[in-house]
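Close look at the chain arrangement
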Amino acid sequence: MPDFQPVRGMRDLLGEEAQTFTYITDKARETASLYGFKEVITPHVEHLDLLSAKTGDEIRQRMFVFKDLGERQVALRPEFTASIARLATTTLKKDPKPLRLFSVGTVYRYDEPQRGRYREFWQSNFELIGSSKPEADAEIILLSNNQMKLLGLKDYAFKIGHIGIIRSILSQEGIDEKTQNAVLQLMDKKEYDAALQLIASEKCRKMLTGLIEIRSNDWQDVAKQLQDYTAGYEKAKDAVEKLSEVLELVAENTNAPIKLEAGFARGLEYYTGIIFEIYIPQLEIALGGGGRYDRLIEIFGGEPTPAVGCAHGIDRVAIALQTQKANLFSKADKNVAVIPIAENLKFEALKIAQTLRNAGIPVEFEVMGRKMGKALEDADKRKVDFAIIVGERELKEGAVVLKDLTSREQSTVPLGKLVEKFKN
Ligand code: AMP
């Protein structure tokens, strides 16, 4: 037999790691509910045309693409936004705006695997569709803040930029959209020299070089600098004003530091306005990010509809929690193994197990038919807290033996008092 391993870049999640993922997705659902977002479940496989319409070359080239048996060109979703935009232009077209949609699940990108970078990874995704107002942008950033806070992450910070400012300047300087996309992709990778080389006009190169240098942890100072810097670029100036309004709303409601960087760009091509990412000091990779995308719905054939959204990388949040040694699992419930001494006692033993389970106590029932010694040894190995030993003699008196597997003490407990024992 071949030695089967998961496909490169894909992982099995076991034990505490699986529990951590569930913990994170639970917090994401809690956040969705607090902010009025409804969960939708969309397919993992979508038409290639839909997924590649506006994601940008970076992700387009990294999709898992295949033909299904009906000769359709399809792909595994590399993100959620395209599927949500499809919903907004079809099934939910007539629904009153805004739409607030939440999704969680795996997405697929053929990235080079390393710590925090996988080919199958999990995201929790939020899209707020139908508002162009600063308060919509603020809501998306604040729900991200809520998510990080609920998870128990410390010292997280927001990095914020605005694609609209960069694009407005480039457009006014006559740079076509295709070149703009290429410039932004390179800026996303911090390859600023390569980005600047794509621009023929010296004036525009100078303007962009200056813009890239405007960054600080004091967002109000950056906003002020940008107001001066965009003089003569009306659209860019409007964008700066809107950005300041969003940040005022956000800063009022979070203690997290906000670092504003005028030259910050993100890989996805559909962004038109504010963009952001979340970081902790201990990790260089972003835990999540998002931004405004006002033209995507229109590109998909819908009415022009403004929208803003974000995605949190669950795999990376798990690494962040581990790095910060967050204490996720306070073990409130004791777990119990119920073991009959002899085969003919299994009916009674199972009944006892069911009584405990009905009272909400987690029970592992002995299903291997093992002798008591072996079953106890196994319970010890798996760190079970208590064993209930069901023997004929005790049963006759309406009782069982309860063994504390940590202290090794044991006592006889009447059946009627068993549930109570674990509840205290
Ligand atoms: P994006 O959809 O590119 O905006 O990414 C949103 C978030 O997904 C990022 O901030 C990361 O936390 C996470 N992410 C992106 N790519 C990967 C990957 N290859 N492996 C794990 N997480 C990822």
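Residues numbered from 1 in each chain as written. Predicted model: local features only at pLDDT ≥ 70, side-chain atom pairs only at ≥ 80, totals over all residues. Heavy atoms only, no water.

Another point: the overall build of the protein. For the protein, the helix and strand inventory stands at 17 helices and 17 strands. C-alpha atoms of the protein, sized along the principal axes, occupy 95 × 55 × 45 Å. Per-residue burial for the protein yields a buried fraction of 52% across its 424 residues. Sequence separation of 24 or more characterises 67% of the internal contacts of the protein that already satisfy a separation of 6 or more. About 21600 Å² of surface is accessible on the protein, with carbon and sulfur atoms providing 50% of the total. (Helix = DSSP H or I, 4+ residues; strand = E, 2+ residues; numbered from the N terminus. Buried < 20%, exposed > 50% of the residue type's maximum accessible area, 1.4 Å probe, protein only. Contact = heavy atoms within 4.5 Å. Areas by Shrake-Rupley, 256 points an atom, 1.4 Å probe, with all protein chains shown as cover.)

On the basis of which strands lie adjacent, the open sheet formed by 9 strands has the order 1-5-6-12-11-10-7-9-8 and mixed pairing. The sheet is open, and its two edges are formed by strand 1 (38-39) and strand 8 (215-216), each paired on a single side. Bridging between strand 7 (residues 157-162) and strand 10 (residues 274-279) involves 6 bridges; their strand directions are antiparallel. Bridge pairing links Ile160 to Phe276 in strand 10. Lying over the sheet, helix 4 (residues 81-89) contacts strand 5 (99-108) and strand 6 (120-129), oriented at roughly 35° with respect to strand 6. Against the sheet, helix 6 (residues 163-172) contacts strand 7 and strand 10, and its axis sits at roughly 25° relative to strand 7. (Pairing = 2+ DSSP bridges. Axes fitted to C-alpha atoms, helices over the stretch in contact; angles between N-to-C directions.)

Entries for the protein in the domain assignment read domain 1 (15-323) and domain 2 (336-423). One C-alpha centre belongs to domain 1, the other to domain 2, and the line joining them spans 53 Å. (Domains from an automatic or database assignment.)

To continue, consider the side chain of Thr81. Summarising the element assignment, Thr81 is placed in helix 4. Taking relative accessible area as the criterion, Thr81 reaches 5% and is therefore assigned buried. When residues no more than four places from it in sequence are discounted, the contact partners of Thr81 are Asn125, Glu127, Tyr270, Tyr293 and Leu296.

Let's shift gears to the packing of aromatic side chains. The final tally for this structure, using the stated rule, is 10 aromatic pairs. On the numbers, 6.1 Å between centres and 80° between planes, the contact of Phe21 with Trp122 is edge-to-face. Of this pair, Phe21 sits in helix 1 (residues 15-34) while Trp122 sits in strand 6, and the two are 101 residues apart along the sequence. Judged by relative accessible area, which is 6%, Phe21 ranks as buried. (Phe/Tyr/Trp six-rings, centres within 6.5 Å; stacked < 30°, edge-to-face > 60°.)

Cis geometry is found at the peptide bond from Lys97 to Pro98, where omega equals 0°. By secondary structure assignment, the location of Pro98 is in the loop between helix 4 and strand 5. Although it is not a glycine, Lys190 adopts a positive phi angle of roughly 60°. By the secondary structure assignment, Lys190 is in the loop between helix 7 (177-188) and helix 8 (192-197). One non-glycine residue with positive phi stands out, namely Lys383, at about 60°. Relative to the elements of secondary structure, Lys383 occurs in the loop between helix 15 (372-381) and strand 15 (386-390). Given a relative accessible area of 64%, Lys383 falls into the exposed group.

This paragraph deals with helix 15. When we look at burial in helix 15, the residues that qualify are Met372, Ala375, Leu376, Asp378 and Ala379. Looking straight down helix 15, one finds its buried side chains confined to an arc of 160°; they lie on one side. Seen from the buried face of helix 15, the exposed residues on the opposite side, beyond 90 degrees, are Lys374 and Lys381. Elements that come into contact with the buried residues of helix 15 comprise strand 13 (336-340), strand 15 and strand 16 (399-404). Downstream of helix 15 by one or two residues, Lys383 has phi in the positive range, about 60°. (Arc of directions from axis to C-beta.)

Right, let's talk about the sheet that holds strand 17 (residues 410-414) for a bit. Read across the sheet, 5 strands follow the order 14-13-15-16-17 without closing on themselves; strand pairing throughout is mixed. Either end of the sheet is taken by a strand with one partner, and the two such strands are strand 14 (363-365) and strand 17. For this sheet, the mean angle separating the axes of adjacent strands, direction not counted, is 25°. Sheet topology places strand 15 next to strand 16; 4 bridges connect them, and they run antiparallel. Note that in strand 16 the partner of Phe386 across the bridge is Asp404. Sheet strands touched by helix 15: strand 13, strand 15 and strand 16. Its angle to strand 13, the strand with the most contacts, is close to 170°.

Inspection of the region around the ligand gives 16 residues, with Arg109, Asp111, Tyr118, Arg266 and Ala286 positioned closest. Arg109 is positioned such that a nitrogen or oxygen atom in its side chain is 2.7 Å from an oxygen atom of the ligand. Between the ligand and Tyr118 there is a distance of 2.9 Å, counted from a nitrogen atom to a backbone nitrogen or oxygen. Protein burial of the ligand: of its 490 Å² of free accessible surface, 93% is covered by the chains. Looking at the shell around the ligand, the elements with two or more residues in it are strand 6, strand 11 (288-292) and strand 12 (307-313). Here the shell around the ligand is built from residues that sort into 6 nonpolar, 5 polar and 5 charged. (Near = heavy atom within 4 Å. Polar contact = N/O pair within 3.5 Å; in protein donor to acceptor, adjacent residues only side chain to side chain. Nonpolar A, V, L, I, M, F, W, Y, C, P; charged D, E, K, R; others polar.)

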